[in-house]
Amino acid sequence: MLEQYRTVRGAGNKEIVIRKSRFIGHIQPVQTEEEAVAFIERIKKEHWNATHNCSAYMIGERDEVQKQSDDGEPSGTAGKPILEVIRNQKLKNVAIVVTRYFGGILLGAGGLIRAYSDGAVAAIEAGDAITRVLHREVFVELDYTWLGKVENELRNRSIRTGETMFTDKVTLTCLPLAGDAESFCNWITDLTQGQSLVSEGEQLYFIEGE
């Protein structure tokens with residue numbers, strides 16, 4: 001799994017007007033090609049009367065799946081620019097559709113490329129670009145006498161935490177960066193003088209800064 005990657009928080013859309021043509025950028029985070037295709041088809045149905053619904057998507061940790069469609073615009077003037085925006089902004093697992101309602105003024109090849117690029121940028125703004133960072137669950141079981149000290153040290157180190165379970169002992173869910181999990185476990189063991197039970201759980205992504 002990637003230590004971190006950029007994507008968008010959620011679906012969104014934003015309209016811009018270029019020389020009387022309306023361009024509506026739509027975006028959605030997707031995990032599979034099937035999801036991307038379904039999203040594109042839904043936008044096409046919603047905007048069935050549009051002049052064009054051009055699209056692109058990029059999926060996979062290594063960007064294994066990259067597809068684009070000009071949907072009737074001159075070859076290379078729509079789908080490719082949308083895909084280039086996704087690539088240049090280093091986004092993963094997103095699909096974008098830029099819908100065009102022709103306003104009566106021809107834009108030319110260069111104008112179309114700029115317009116569809118701008119439409120893709122507008123879509124990304126609407127979807128809210130974020131960075132997801134990989135963390136590892138670390139469960140720390142300890143006596144209540146250690147709780148205050150450990151919680152204070154976790155705050156001082158700005159370690160993300162999850163649920164705390166209270167039984168005859170306390171179990172803290174700590175969420176250090178995945179790459180730091182081993183050193184974190186060693187640190188907790190030293191901090192509690194070997195009097196805690198430490199175990200690792202799943203790897204989870206969280207939004208950077210939240």
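Reference entry: report on the structure contained in this document. (Residues numbered from 1 in each chain as written. Predicted model: local features only at pLDDT ≥ 70, side-chain atom pairs only at ≥ 80, totals over all residues. Heavy atoms only, no water.)

1. With respect to helix α1 (residues 33–46)
Consideration 1: With 14 residues, α1 should cover 20 Å at 1.5 Å per step; its first-to-last C-alpha distance of 20 Å lies within 8% of that length.
Consideration 2: Those residues of α1 that sit buried are A36, F39, I40 and I43. Angular distribution of buried residues about the axis of α1 spans 95 degrees; they occupy a single face of the element. With respect to the buried face of α1, the exposed residues turned more than 90 degrees away are E34 and K45. (Helix = DSSP H or I, 4+ residues; strand = E, 2+ residues; numbered from the N terminus. Expected span 1.5 Å × (residues − 1). Buried < 20%, exposed > 50% of the residue type's maximum accessible area, 1.4 Å probe, protein only. Arc of directions from axis to C-beta.)

2. Section: the layout of surface pockets
Consideration 1: Of the volumes computed, that of the largest pocket is approximately 160 Å³.
Consideration 2: Forming the walls of the largest pocket are H135, R157, S158, I159, R160, L175, P176, L177, D180, S183, F184 and W187.
Consideration 3: With three residues, the single largest contributor to the lining of the largest pocket is helix α5 (residues 181–191).
Consideration 4: Within the lining of the largest pocket, the residues separate by chemical class into six nonpolar, three polar and three charged. (1 Å grid on protein atoms, 1.4 Å probe; cavity = no way out; pocket = protein on both sides within 12 Å on 5 of 7 lines; lining within 4 Å. Points joined across faces, edges and corners; volume = space filled by probe spheres on them. Nonpolar A, V, L, I, M, F, W, Y, C, P; charged D, E, K, R; others polar.)

3. Considerations on the pattern of salt bridges
Consideration 1: A full pass over the atoms with the stated rule returns 11 salt bridges.
Consideration 2: Between K14 and E125 there is a salt bridge; the shortest N-O distance is 2.7 Å. One end of the pair, K14, is in strand β2 (residues 12–18); the other, E125, is in helix α3 (residues 108–127), with 111 residues separating them in the sequence.
Consideration 3: Several salt bridges share partner residues, and in doing so they unite R9, D128 and E210 into one network. (Salt bridge = Lys/Arg side-chain N within 4 Å of Asp/Glu carboxyl O.)

4. Some words on the sheet that holds strand β6 (residues 94–101)
Consideration 1: Pairing in this open sheet of five strands is antiparallel, and the strands run β2-β3-β6-β4-β5 from one edge to the other. The two strands at the open ends of the sheet, each matched to only one other strand, are β2 and β5 (65–69). Within this sheet the neighbouring strands show an average axis-to-axis angle of 15 degrees, counted without direction.
Consideration 2: Here eight bridges tie strand β3 (residues 21–29) to β6, and the two strands are oriented antiparallel to one another. (Pairing = 2+ DSSP bridges. Axes fitted to C-alpha atoms, helices over the stretch in contact; angles between N-to-C directions.)

5. A short note on the nonpolar core
Consideration 1: If you look at the biggest cluster of nonpolar residues, it comprises 22 residues, and the most contacted ones within it are I27, I82, I86, I96 and Y116.
Consideration 2: For this core, the elements supplying multiple residues, two or more each, are β3, β4 (52–59), α2 (79–88), β6 and α3.
Consideration 3: Here this core gets six residues from one element, more than from any other, and that element is α3.
Consideration 4: If we skip the residues at most four places from it in the chain, I82 touches C54, S55, A56, I96, V98, Y116 and A120. (Core = buried A, V, L, I, M, F, W, Y, C linked by side-chain atoms within 4.5 Å. Contact = heavy atoms within 4.5 Å.)

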